[in-house]
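What follows is each chain in one-letter form.
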Amino acid sequence: MPSNLERAKAVIDTRRENAEALAEQKRFELETVSPELKEVNYKISRAGLDALRAINGGSVSIEELAKKNLELQAKRAEILKGLGLPEDTLDIHYTCPVCEDTGVKDGHYCECLKALVKQFQFENLNSCAPAKGSTFQNFSLDYYQGEARPRMEQIYNYCKSWAADFDRNSNSILMYGQTGLGKTHLSLSIANEVVAKGYNVIYASSGNLFNKLEKESFGRLKTDESPEEAVLNCDLLILDDLGSEFTKPYVVAELYNIINTRLLSGLPTIISTNLLYDEIGDKYNPRVYSRLIGDYQMLEFLGSDIRQLKS
């Protein structure tokens, strides 16, 4: 499975090829109409070859060739004007004039390439969860009553502030509580905000993630990253519905590796689970439990199942 970066590069390459093909087609069509334009274009091409020879010790000076080229460019502009066309008609019109559809500018990835990677990240996010429908704006506190209301308002404000201030050094979060209390909605709201900032987010349910790590390639940022490395190195990992997976030694070992490695690297992780405080300790080994309880910001969700209330 191609990574988001590989997909973005492929799009950029196609843009460049299309722009160059379109310019070539336009040149051919106009030269058919105007033999004079064809002759001028040929002379401009020859001037370019002469310039290369001059650099390698030819008899004609660079200054003379530059003057000749300017004269030919002016002549071409005059011909195009006579045809009722702007003087840049034969230029290659790239989608991104900054990098000329190479995806790179001054040794760094161009903003056009970064924007495509971000777009594909959103698509990946939406493919596994209703990310577009999960925002801070449409998260309603009206479903929470009694003591749950102030607690959930506090959690909502914390998550919104956390997303607004996100960087790779943000702390990790454990969202826990019974099903249907908004954990997935708020974690997806955070994901949308963080992706919009240009960070790389991997979002997956616990069961899907561990299955993917075992069986198939997972979307990643670098072609030389393994699936596991992508999970360990992404800017933000969101592991939803921990506890729903089939718990076996591999899962417990991999879960600890993910939690421990990302903590040691200072990278934030958000984990949501329907397990209660004590149940987390019962289901996983003491090392997993200790890391979660000791190093994550604990957010206990209260209230009644919102999905039942809505129905």
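Reference entry: report on the structure contained in this document. Computed from a predicted model, the values in this text were never measured in an experiment.

**Here we look at the sheet that holds strand β5 (residues 236–242)**
- The five strands lie next to each other as β4-β5-β6-β3-β7, forming an open sheet whose pairing is parallel. Looking at which strands have only one partner, the edges of the open sheet turn out to be β4 (201–205) and β7 (297–300). When strand polarity is set aside, the average angle formed by the axes of neighbouring strands in this sheet is 10°.
- When β5 meets strand β6 (residues 269–273), the two strands line up parallel, connected through four bridges. The residue of β6 that forms the bridge with L239 is I271.
- Across the face of the sheet, helix α9 (residues 249–265) comes into contact with β5 and β6 while running at roughly 145° to β5.

**What to know about the environment of N41**
- Relative to the assigned elements, N41 resides in helix α2 (residues 35–55).
- Judged by its relative accessible area of 9%, N41 falls in the buried class.
- Through-space distance from the C-alpha of N41 to that of R27 is 9.0 Å; in sequence the pair is 14 residues apart.
- Not counting chain neighbours up to four residues away, the residues in contact with N41 comprise R27, E31, R76 and L90.

**Side note on the packing of aromatic side chains**
- Taken as a whole and judged by the stated rule, the model has five aromatic pairs.
- The interplanar angle of 85° and the centroid separation of 4.8 Å between the aromatic rings of F166 and Y199 together place this pair among those described as edge-to-face. Pair noted here: F166 is in the loop between α5 (148–164) and β3 (173–176) and Y199 is in the loop between α6 (183–196) and β4, with a separation of 33 residues, a long-range link.
- For F166, a relative accessible area of 4% translates into the label buried.
- For Y199, a relative accessible area of 22% puts it in the partly exposed group.
- Here the aromatic cluster, defined as three or more aromatic residues joined through ring pairs, consists of F136, F139, Y144 and Y156.
- The ring of Y256 carries the charged tip of R287 above its face, separated from the ring centre by 4.0 Å.

Cut-off values and rules
Residues numbered from 1 in each chain as written. Predicted model: local features only at pLDDT ≥ 70, side-chain atom pairs only at ≥ 80, totals over all residues. Heavy atoms only, no water. Pairing = 2+ DSSP bridges. Helix = DSSP H or I, 4+ residues; strand = E, 2+ residues; numbered from the N terminus. Axes fitted to C-alpha atoms, helices over the stretch in contact; angles between N-to-C directions. Contact = heavy atoms within 4.5 Å. Buried < 20%, exposed > 50% of the residue type's maximum accessible area, 1.4 Å probe, protein only. Phe/Tyr/Trp six-rings, centres within 6.5 Å; stacked < 30°, edge-to-face > 60°. Lys NZ or Arg CZ within 6 Å of the ring centre and 35° of its normal.

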